[in-house]
Amino acid sequence: MQKTQLAAGIAKGIIETGIEGTWGDVARSTKGDYPSIGISQWEGIRADGLLLTIPGGKRYAGESYTDLKAKGNLGKLSTLLASYEGKKAQQTELESDCLHYVQSLLKVPHFTNPECITYAGMWCPTSTKIVRLFLTNRCLDYDINNLPCLHNLFKTQYAKAAGVTRYQKGYERRAERTKQFVMSWRTKIGKR
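What counts, and where the lines are drawn
- Residues numbered from 1 in each chain as written.
- Predicted model: local features only at pLDDT ≥ 70, side-chain atom pairs only at ≥ 80, totals over all residues.
- Heavy atoms only, no water.
- Helix = DSSP H or I, 4+ residues; strand = E, 2+ residues; numbered from the N terminus.
- Rg over C-alpha atoms; globule rule 2.2 N^0.38 Å.
- Buried < 20%, exposed > 50% of the residue type's maximum accessible area, 1.4 Å probe, protein only.
- Contact = heavy atoms within 4.5 Å.
- Areas by Shrake-Rupley, 256 points an atom, 1.4 Å probe, with all protein chains shown as cover.
- Lys, Arg positive; Asp, Glu negative; His and termini not counted.
- Charge placed at Lys NZ, Arg CZ, Asp CG, Glu CD.
- Polar contact = N/O pair within 3.5 Å; in protein donor to acceptor, adjacent residues only side chain to side chain.
- Core = buried A, V, L, I, M, F, W, Y, C linked by side-chain atoms within 4.5 Å.
- Pairing = 2+ DSSP bridges.
- Axes fitted to C-alpha atoms, helices over the stretch in contact; angles between N-to-C directions.

Trainee: Sorry if this is basic, but what is going on with the overall build of the protein here?
Mentor: Helix and strand content of the protein: nine helices and three strands. Listed by position from the N terminus, the elements making up the protein come as α-β-β-β-α-α-α-α-α-α-α-α. Its C-alpha atoms give the protein a radius of gyration of 17 Å, within 12% of the compact-globule value 16 Å for 192 residues. With respect to the principal axes defined by its C-alpha atoms, the protein has extents near 50 × 35 × 25 Å. Put simply, the protein has 192 residues, and 45% of those count as buried. Considering only contacts in the protein between residues 6 or more positions apart, those separated by 24 or more positions represent 64%. Entry remark: accessible area of the protein is about 9,700 Å², with carbon and sulfur atoms responsible for 51%. Taken together, the 28 basic and 17 acidic charged side chains of the protein have centroids lying 2 Å from each other.

Trainee: I keep staring at helix 6 (residues 114-121) and nothing clicks. Help me out?
Mentor: Each α-helix turn comprises 3.6 residues. Residues three or four places apart therefore point the same way. Of all eight residues that make up helix 6, seven are buried, and the element is covered over most of its length. With a side-chain oxygen positioned 3.0 Å from the backbone nitrogen of Glu115, the residue opening helix 6 is Asn113.

Trainee: Any chance you could explain the nonpolar core here in plain terms?
Mentor: Soluble globular proteins tend to pack their nonpolar side chains together in the buried interior. Formed by 55 residues in total, the largest nonpolar core has its most connected members in Ile37, Leu77, Phe111, Val131, Leu135 and Phe154. Discounting chain neighbours no more than four positions away, the residues touching Phe111 are Leu105, Leu106, Cys116, Ile117, Ala120, Leu135, Ile144, Asn145 and Leu150.

Trainee: Please explain the environment of Gln180 as it appears in this structure.
Mentor: You can see Gln180 is positioned in helix 9 (residues 168-191). The spacing of Gln180 and Asp25 is 155 residues in sequence and 23 Å in space, taken between C-alpha atoms.

Trainee: Help me out: how do you make sense of the sheet that holds strand 3 (residues 42-43) in this one?
Mentor: Each strand in a sheet pairs with another by means of backbone hydrogen bonds, the pair being arranged parallel or else antiparallel. In space, the three strands of this open sheet follow the order 1-2-3, with antiparallel pairing throughout. Of all the strands in the sheet, the pair left with one neighbour each is strand 1 (26-28) and strand 3. Where strand 1 and strand 2 (residues 35-37) come together, three bridges link them in antiparallel fashion. Each bridged residue has a counterpart across the sheet, and for Arg28 the counterpart in strand 2 is Pro35. Taken strand by strand, helix 4 (residues 74-82) contacts strand 1 and strand 2, and its axis lies near 130° from that of strand 1.

This is the structure we're talking about:
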């Protein structure tokens, strides 16, 4: 399977499951007073760069979450992101991100199963670097090319490995939704 096909599967999974968000999402980042936006919850420089590609988005770039809220602009930003132009810009950004995820995951030793790469790629928005390190550290002790095994690793070990145990329950739900998508996507992977 080609890298672009894997990237397309990852993007489709992120969009269909909503594991990161929806097209019009605007939330306060858990890392600080700035917005986390869109289908992949882009933040900081990435969010500002995305906004600059959407007509009318420049007025929201560089704003803190508190300022957006105080000015009554959260709903307006959400509407912009969910617009045709907003979705198109997000789709382009997500496709680029997913290709990067695939390229990074293919550096994990012995990691070759397309459905498992798709599964792991759907975790990359949390941190591509941490996902790759997580898999690299486990590739000799676990069968990371086996979907049930890979799913169990992410469900039970990823939050601790990423240093965010407070998100354990959320990551367990994410693991289930990701597995459900990949299992339905599995037949499409086999047909390519």
